[in-house]
Amino acid sequence: MRVALVQLAEYGDCLFATLVARQIKRDHSGCHLTWVIGDKCASILDGNPHVDAVHKIVLSSRDEAFSSGWENAKTWVADQVRMGNLEKAYFTQIFPDNIRYYDGLIRTTIYGAYGKPITGPHLPEVFLTEAENRNVADFAEKHCLREFKHVFLFECGPSSGQSPMTPARAEALAHALGKYHPEVVFLMSSTETLVRPSPQVVDASCLTYRENAALARHCTGLVGCFSGITVLTTSTAGKALPMLQILTKSNGIFRWGSVAMDFRRVRLDESRVIEMAEPRDTRIISCIEKWLSESHSAARRQFHEESALTSADAENAYWFIREQYGKIAAKSAILRFLRANGFATIRWRVLIAGLRGKERGIIRRVLRYAAAFRQLRRVRTVAQNLTFDKAYAFADAEIGIVQKPEEIRWLFELVRAERPRVVLEIGLDFGGTFFLWSRAAAPDAHLLAIDTKPVGRLGMWSPFSLVRRAFAVGSQRVTLLMDSDSHSETTRQRIAALLDGRAVDFLFIDGDHSCEGVWQDFKTYSPFVAPGGLIAFHDISQNPAEPTKGVAQFWREFTVEHETDERVVNDEPGFGIGVYRMPG
């Protein structure tokens, strides 16, 4: 298979995309991968074993990567597909076509454009040559870096607008700190040469961008501005440095999140990050002096400013994207943004008030998601080992359950005694019983459910599905086949594929209530049940309500030739649970 990855710029973004390249090789084993990249950034791919070929797009300016250069890249890909040289292409560059995947962070927006999970480690991949390592070693020796207790790499040329730092300001700060701290040297990483280099303020512009990864290995800390050098130090060729990041509060349009937020999202160590938003020079100096005199941890406790993407950021992003790229892209982005950042970082009421009247359709969806996320958080706080009373009370209050407590208690205890590792429920309805099975099943159980209920255009990301999939605790997995007919051969095949040879330990049938429908569910799915496994049926009472007459008839027929057990409490119409254990 011949695949293309299209990411033209920038350095940091291309580094994040190296993880997509690696994932493509994992997802399409043995494929031939061509990376379409801007000529200025192409060097970062040198030696990358996941990239089989590089096609360079010549860019005369930075902006061309997002305009004519991008169109040239798309044209080249289309031509290669037409000629049979390519079968698939992934376009991960955020601007101009993938802003709909905006979720507040550059890395995960790029991941979103790929559309499949990126498995760790989340360290951008850079492969340095011996010559590059040797060149940096010579640089370190020339400037006597080993003689200094503290060696700071100072990133001072951001092009993204995410930092107020400039080369001139960085140089002035380095000289001010070096004057009183002879044990410190600053390596100034910029494309501009220094005005006043000194033994403690060293011009590193002679090194290539890639070589800064090797330079990081000679350093003890980083002063950065979340641009390409920061990302490079986190690469496989760099070093996990403690850092101070100088960031802007907003770039005036919409804001990308911080390094700490990025690390948190992909589970890197955010404790090594101090962040300050548009600080004065005196505050920057005080922070670094605290770091030098005590420790980075002490400086973090005093100076770190927790960054949050706010409702204002969400609204600004929505209207900017809508104006520039259209309503559909804006709606997609705002939903991803809200889902990714959660209630801890969004002032929801302010956001909703700000958007109300402007876009009522999206408000309704946001409200549904807000309610779903609140419920999801409550679900996730519920322990696995619950008594029946607590599990039923939660299901009744939060999820919805149409069961008699005395009857379902009996079945719950039967199931919990088995500790099934594979559970299949036909007829999810509200999901109350499905929640009970998650608390009765094994800690590593796979729970599957089939229901005809539609869940909306977003499928598994719909509010209903998000909450039900959150029933999983520990290493459990939940798979929902919504908008699916259990009688369909397609659905049966999907279940077979999901089970992948594993047997079902507990099957709960509560779907189609016609006699023929229950028989078909039993005949279709009982072959998946392990010998000795349990099959339970709901609404088997022989004093049926009108909707349950079919199940009652099925149970009369079924019990003639099968050894069963049942629990029917009182004699009111409907309800009742019957259990059959598979032979073996």
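Values in this document were obtained by computation on a predicted structure and should not be read as measured data.

Novice: Lay out the overall build of the chain with the relevant residues and their values.
Specialist: On a plain count of helices and strands, the chain comes out with 21 helices and 17 strands. When the backbone C-alpha atoms are referred to their principal axes, the chain occupies close to 95 × 60 × 55 Å. Put simply, the chain has 584 residues, and 56% of those count as buried. In the chain, 70% of the contacts between residues at least 6 apart in sequence involve partners at least 24 apart. With an accessible surface of roughly 25200 Å², the chain has 50% of that area assigned to carbon and sulfur atoms. Of the charged side chains in the chain, 71 are positive and 68 negative, and the gap between their average positions amounts to 4 Å.

Novice: Break down the confidence of the model for the chain for me, with residues and values.
Specialist: Averaged over the chain, the pLDDT score is 90; the fraction of residues at 70 or greater is 94%. Across residues 343–348, where pLDDT falls below 50, the model places 19 contacts with residues more than four positions away in sequence or in other chains.

Novice: Describe the pairing of strand S1 (residues 2–6), naming the residues involved and giving the relevant values.
Specialist: Counting buried residues in S1 gives four out of five residues, a clear majority hidden from the surface. One ladder, built from five bridges, connects S1 with strand S2 (residues 32–38); its direction is parallel. Bridge pairing links Arg 2 to His 32 in S2. A crossover links S1 with its parallel partner S2, the connecting element being helix H1 (residues 11–27), and its sense is right-handed. In this structure, S1 lies alongside strand S4 (residues 88–91), joined through four bridges in parallel fashion. By the bridge assignment, Val 6 is partnered in S4 with Phe 91.

Novice: Which residues make up the environment of Ser 67, and what are the values?
Specialist: By secondary structure assignment, the location of Ser 67 is in the loop between strand S3 (53–57) and helix H2 (68–82). Residues Ser 67 and Asn 341, spaced 274 residues apart in sequence, show a C-alpha to C-alpha distance of 30 Å.

Novice: I'd like to hear about the sheet that holds strand S10 (residues 273–277), residue by residue, with values.
Specialist: Pairing is parallel across the open sheet formed by six strands, whose spatial order is S7-S6-S5-S8-S9-S10. Sheet topology places strand S7 (201–203) and S10 at the edges, where each strand pairs with a single neighbour. The average angle at which neighbouring strand axes cross in this sheet is 20°, direction not considered. Taken together, the six bridges between strand S5 (residues 150–155) and strand S6 (residues 184–189) define a ladder with parallel strand orientation. For His 150, the partnering residue across the bridge sits in S6 and is Val 184.

Novice: Quick one: what's the story with the nonpolar core, residue by residue and with numbers?
Specialist: Counting residues in hydrophobic clusters, the biggest one holds 124 residues, and the most contacted among them are Leu 187, Leu 411 and Trp 437. With sequence-adjacent residues up to four places away left out, Leu 187 is seen in contact with Phe 139, Leu 145, Val 151, Phe 152, Leu 153, Phe 154, Val 202, Leu 215 and Cys 219.

Novice: Would you mind going over the packing of aromatic side chains in detail, with residue names and values included?
Specialist: Tallied over the full model, the rule gives 31 aromatic pairs. Ring centres of Trp 519 and Phe 554 lie 4.8 Å apart, and the angle between their planes is 75°; this geometry places the pair in the edge-to-face category. Taken together, the residues Trp 519 in helix H20 (residues 515–525) and Phe 554 in helix H21 (residues 549–561) connect sequence positions 35 residues apart. Residue Phe 554 is classed as buried on the basis of its relative accessible area, which comes to 0%. Members of the aromatic cluster, connected to one another through ring pairs, are Trp 519, Phe 522, Phe 537, Phe 554, Trp 555, Phe 558 and Tyr 580.

The rules behind these values
- Residues numbered from 1 in each chain as written.
- Predicted model: local features only at pLDDT ≥ 70, side-chain atom pairs only at ≥ 80, totals over all residues.
- Heavy atoms only, no water.
- Helix = DSSP H or I, 4+ residues; strand = E, 2+ residues; numbered from the N terminus.
- Buried < 20%, exposed > 50% of the residue type's maximum accessible area, 1.4 Å probe, protein only.
- Contact = heavy atoms within 4.5 Å.
- Areas by Shrake-Rupley, 256 points an atom, 1.4 Å probe, with all protein chains shown as cover.
- Lys, Arg positive; Asp, Glu negative; His and termini not counted.
- Charge placed at Lys NZ, Arg CZ, Asp CG, Glu CD.
- pLDDT = per-residue confidence, 0-100.
- Pairing = 2+ DSSP bridges.
- Right-handed = clockwise from strand over helix to strand, strands pointing away.
- Axes fitted to C-alpha atoms, helices over the stretch in contact; angles between N-to-C directions.
- Core = buried A, V, L, I, M, F, W, Y, C linked by side-chain atoms within 4.5 Å.
- Phe/Tyr/Trp six-rings, centres within 6.5 Å; stacked < 30°, edge-to-face > 60°.

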